[in-house]
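Geometric and topological summary
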Amino acid sequence: MNYLPGKFVWFEHVSNNIAKARKFYDPLFNWHTESLPMGSERYHMILNGNDGIGGYRSARPGERPFWLAYVSVDDVDAAFEAALAAGARAVQRPADHGPVGRGATIADRSGAVFSLWKGTESDRPDSAHAQSGDWYWNELWTSDEIGALAFYQRVFGYGHETMDMGPQGTYYLLKKDGVSRAGMMRSTQPQAPSMWLPYVAVDDCDATAAKAGQLGGQVLKAPADIPGVGRFAVLADPVGAAIAVIRPAPAEAAATETLANATAA
């Protein structure tokens, strides 16, 4: 098995209107969804081409719609206990998920919810070229970037690099084994809850943003260029979950190293 601890390997859309979410995402990204047996229930898995990249699941009572990111870890139980010791809150304790793996869900010190995961199969390998419709980046918008940095370094062993965003503060690149795995910054919306924001690669950022509006979504941040990175936009789907899209620049290898400029553009 080939695992990549520290990589975000799976994303689930959490809401109480899976049908409405599917009607938005399938045509927007050319995804398709398959309903698969998972124990006594069925799981709605998202496929981009032939690759399973995520799924849909129902929200708990009172839970806001959002995209739930799964980070690969060596040992779910050990990472869960380490996270609690570092100030995280337990959302779902470690449990086996049929034949596919073991996971747990936590909220970090600032309240951002995400999951820990160890699959029974290898993690999807890194790719030098992002395919349209696939995940490209994951970014933490937090109310406490200093505390969050200490938390993620302690629990997951991330190193980091910093980038100055001027009035917007510092952007942090979380790195594992020399590879950039995620970004982190203070939220530009002080009243908004801390959250992880996933990015999807697209062929045309402007066309995707326009189509999102036609499909019932909202453009939260209009398409903008980021020199050396690409063109991005932030969207809200019809049930209220936020997601970002990006058309990577041709010099893709350098993109994640300078993605910090995205929210400052």
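Everything that follows concerns the structure shown earlier in this document.
Residues numbered from 1 in each chain as written. Predicted model: local features only at pLDDT ≥ 70, side-chain atom pairs only at ≥ 80, totals over all residues. Heavy atoms only, no water.

This brings us to the packing of helix 1 (residues 18–29) against helix 4 (residues 205–214). With their axes 10 Å apart at the nearest point, helix 1 and helix 4 run at an angle of 155° to one another. Classified by the interaxial angle, the pair formed by helix 1 and helix 4 is roughly antiparallel. When the axes of helix 1 and helix 4 are compared, the crossing they make is right-handed. In this structure, helix 1 uses Phe-24, Pro-27, Leu-28 and Phe-29 to contact helix 4, whose residues at the interface are Thr-208, Lys-211 and Ala-212. (Axes fitted to C-alpha atoms, helices over the stretch in contact; angles between N-to-C directions. Helix = DSSP H or I, 4+ residues; strand = E, 2+ residues; numbered from the N terminus. Parallel < 35°, antiparallel > 145°, perpendicular 65-115°, else oblique. Left-handed = near helix turned anticlockwise from the far one by under 90°. Contact = heavy atoms within 4.5 Å.)

Okay, the side chain of Lys-7 next. Summarising the element assignment, Lys-7 is placed in the segment before strand 1 (8–15). Those residues within four positions of Lys-7 in sequence are excluded, and the remaining contacts are Tyr-70, Val-71, Ser-72, Arg-124, Pro-125, Asp-126 and Arg-181.

Across the sheet, eight strands lie side by side as 10-11-12-9-13-16-15-14; this open sheet has mixed pairing. Taken across any chain shown, the strands that pair with only one partner, and hence form the sheet edges, are strand 10 (159–164) and strand 14 (218–226). With direction set aside, neighbouring strand axes in the sheet form an average angle of 25°. Two strands pair when backbone bridges link them, and strand 14 and strand 15 (residues 230–236) are joined in this way by six bridges, in the antiparallel orientation. (Pairing = 2+ DSSP bridges.)

With that settled, consider the environment of Ala-192. Looking at where Ala-192 falls in the secondary structure, it is placed in the loop between strand 12 (179–186) and strand 13 (195–201). Spatially, the C-alpha atom of Ala-192 lies 30 Å from that of Thr-33, the residues being 159 residues apart in sequence.

For strand 10 and strand 11 (residues 170–176), the ladder comprises six bridges, and the chain directions are antiparallel. Within the sheet, the bridge partner assigned to Thr-162 lies in strand 11 and is Tyr-172. The turn linking strand 10 back onto strand 11 is made up of five residues, and Gly-166 within it adopts a positive phi angle of 70°.

Let us now look at helix 2 (residues 76–85). Turning to helix 2, its buried residues are Val-76, Ala-79, Phe-80 and Ala-83. Viewed along the axis of helix 2, the buried residues span an arc of 100°, placing them on a single side of the element. Each element contacted by the buried residues of helix 2 is listed here: strand 6 (89–97), strand 7 (101–107), strand 8 (113–119) and helix 3 (145–156). With a side-chain oxygen positioned 3.0 Å from the backbone nitrogen of Asp-77, the residue opening helix 2 is Asp-75. Looking one or two residues past helix 2, Gly-87 carries a phi angle of roughly 110°, positive in sign. (Buried < 20%, exposed > 50% of the residue type's maximum accessible area, 1.4 Å probe, protein only. Arc of directions from axis to C-beta. Polar contact = N/O pair within 3.5 Å; in protein donor to acceptor, adjacent residues only side chain to side chain.)

Turning our eyes to something else, we now look at the pattern of salt bridges. All told, the structure shown has 12 salt bridges when counted by the stated rule. Across the pair Arg-93 and Glu-81 runs a salt bridge whose closest N-O atoms are separated by 3.6 Å. Of this pair, Arg-93 sits in strand 6 while Glu-81 sits in helix 2; the two residues are 12 residues apart in sequence, bridging distant segments of the chain. Relative accessible area serves as the criterion here: at 44%, Glu-81 is assigned to the partly exposed category. Here Arg-102 and Asp-96 are joined by a salt bridge, their closest N and O atoms 3.0 Å apart. The partly exposed category is assigned to Arg-102, whose relative accessible area is 25%. (Salt bridge = Lys/Arg side-chain N within 4 Å of Asp/Glu carboxyl O.)

This part takes up the pairing of strand 5 (residues 66–72). Counting buried residues along strand 5, seven of its seven residues qualify, which places the element largely inside the surrounding structure. Along strand 5, one buried face is formed by Phe-66, Leu-68, Tyr-70 and Ser-72 and the opposite face, lined by Trp-67, Ala-69 and Val-71, is buried too. For strand 5 and strand 8, the ladder comprises three bridges, and the chain directions are parallel. Residue pairing in the sheet places Val-71 in a bridge with Leu-116 of strand 8.

What follows covers the packing of aromatic side chains. Inspection of every chain in the model, using the stated rule, returns 19 aromatic pairs. Ring centres of Phe-114 and Tyr-152 lie 5.6 Å apart, and the angle between their planes is 40°; this geometry places the pair in the tilted category. On the criterion of sequence distance, the pair formed by Phe-114 in strand 8 and Tyr-152 in helix 3 is long-range, its members being 38 residues apart. Across the pair, Tyr-152 and Phe-114 agree in class, each one buried. Through a chain of ring-to-ring contacts, the aromatic side chains of Phe-8, Phe-114, Phe-151, Tyr-152, Phe-156, Tyr-158 and Trp-196 assemble into a single cluster. (Phe/Tyr/Trp six-rings, centres within 6.5 Å; stacked < 30°, edge-to-face > 60°.)

Such coordinate-based values are descriptive only and should not be taken to indicate function.
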